[in-house]
Amino acid sequence: YCATFTIFSDYMRNAIRLSALAKAGTIFVTTHDSIAVGEDGPTHQPIETIPSLRMIPDLKVVRPADANETSGAYAIAVERSKLHSMPTFLACTRQALPNLPNSSIENTKKG
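As the structure is a computational prediction, the values presented were derived from the model and not from experiment.

Chemist: Provide a residue-level description of the overall build of the protein chain, including the pertinent values.
Modeler: The helix and strand inventory of the protein chain stands at 4 helices and 4 strands. Reading the protein chain from its N end, one meets helices and strands in the order β-α-β-α-β-α-β-α. In summary, the protein chain has a C-alpha radius of gyration of 14 Å against a globular reference of 13 Å for 111 residues, a match within 12%. If you line up the protein chain on its principal axes, its C-alpha atoms span 40 × 35 × 20 Å.

Written as structure tokens, this is what we have:
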């Protein structure tokens, strides 16, 4: 398990890649993922952070849109870690977002 700001994944890239290659089953939970202007002003996160993580083989990158999807994403991460020893990267936002009309844990598991 690892938790930090999403932007710091740049410093962790080698460890993230190694966890995927070694099938370590690590769950990376990151916050403050945003390319929008947040409460504290403009973010310093480049737009290519998430796409570059998606290019790492065997790493599941999930960017939930609301609280329901966050619950579903964490359930997926625990399942991948426990049953398949595969890592998952959750990129959560800092913004206060409402739950979307059709979002649910079950729908998140469907993709």
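Chemist: Lay out unusual backbone geometry in plain terms, naming residues and giving numbers.
Modeler: Although it is not a glycine, Lys 23 sits at a positive phi angle of roughly 55°. Structurally, Lys 23 is set in the loop between α1 (9-21) and β2 (27-31). The exposure class of Lys 23 is partly exposed, given its relative accessible area of 48%. Here the phi dihedral of Asp 58 falls at roughly 70°; this positive angle occurs in a residue that is not glycine. If you trace the backbone, Asp 58 turns up in the loop between α2 (49-54) and β3 (60-62).

Chemist: Break down the state of the cysteines for me, with residues and values.
Modeler: Using the criterion set out here, one finds 0 disulfides in the structure. Counting only cysteine sulfurs, Cys 2 is the nearest neighbor of Cys 92, a cysteine outside any disulfide, at a range of 13 Å. What makes Cys 92 buried here is its relative accessible area of 13%.

Chemist: Describe the sheet that holds strand β1 (residues 2-5), with residues and values.
Modeler: Adjacent strands of a sheet pair through backbone hydrogen bonds, lying either parallel or antiparallel. Spatially, 4 strands are ordered β1-β2-β4-β3 in an open sheet, and the strand pairing comes out parallel. The outermost strands of the open sheet, each flanked by one partner alone, are β1 and β3. On average, each strand axis in the sheet is tilted by 15° relative to the strand beside it, whichever way the strands run. Pairing between β2 and strand β4 (residues 88-91): 4 bridges, direction parallel. Directly across from Phe 28, in β4, lies its bridge partner Phe 89. Across the sheet, helix α3 (residues 67-84) lies against β2, β3 and β4, angled at about 155° from β2, the strand it touches most.

Chemist: Account for the side chain of Ser 104, naming residues and giving values.
Modeler: Mapped onto the fold, Ser 104 is located in the loop between β4 and α4 (105-110). Polar contacts involving the side chain of Ser 104 include one to the main-chain amide nitrogen of Asn 107, which spans 3.0 Å.

What counts, and at which threshold
- Residues numbered from 1 in each chain as written.
- Predicted model: local features only at pLDDT ≥ 70, side-chain atom pairs only at ≥ 80, totals over all residues.
- Heavy atoms only, no water.
- Helix = DSSP H or I, 4+ residues; strand = E, 2+ residues; numbered from the N terminus.
- Rg over C-alpha atoms; globule rule 2.2 N^0.38 Å.
- Buried < 20%, exposed > 50% of the residue type's maximum accessible area, 1.4 Å probe, protein only.
- Disulfide = S-S within 2.5 Å.
- Pairing = 2+ DSSP bridges.
- Axes fitted to C-alpha atoms, helices over the stretch in contact; angles between N-to-C directions.
- Contact = heavy atoms within 4.5 Å.
- Polar contact = N/O pair within 3.5 Å; in protein donor to acceptor, adjacent residues only side chain to side chain.

Nothing here speaks to function; it is all geometry.
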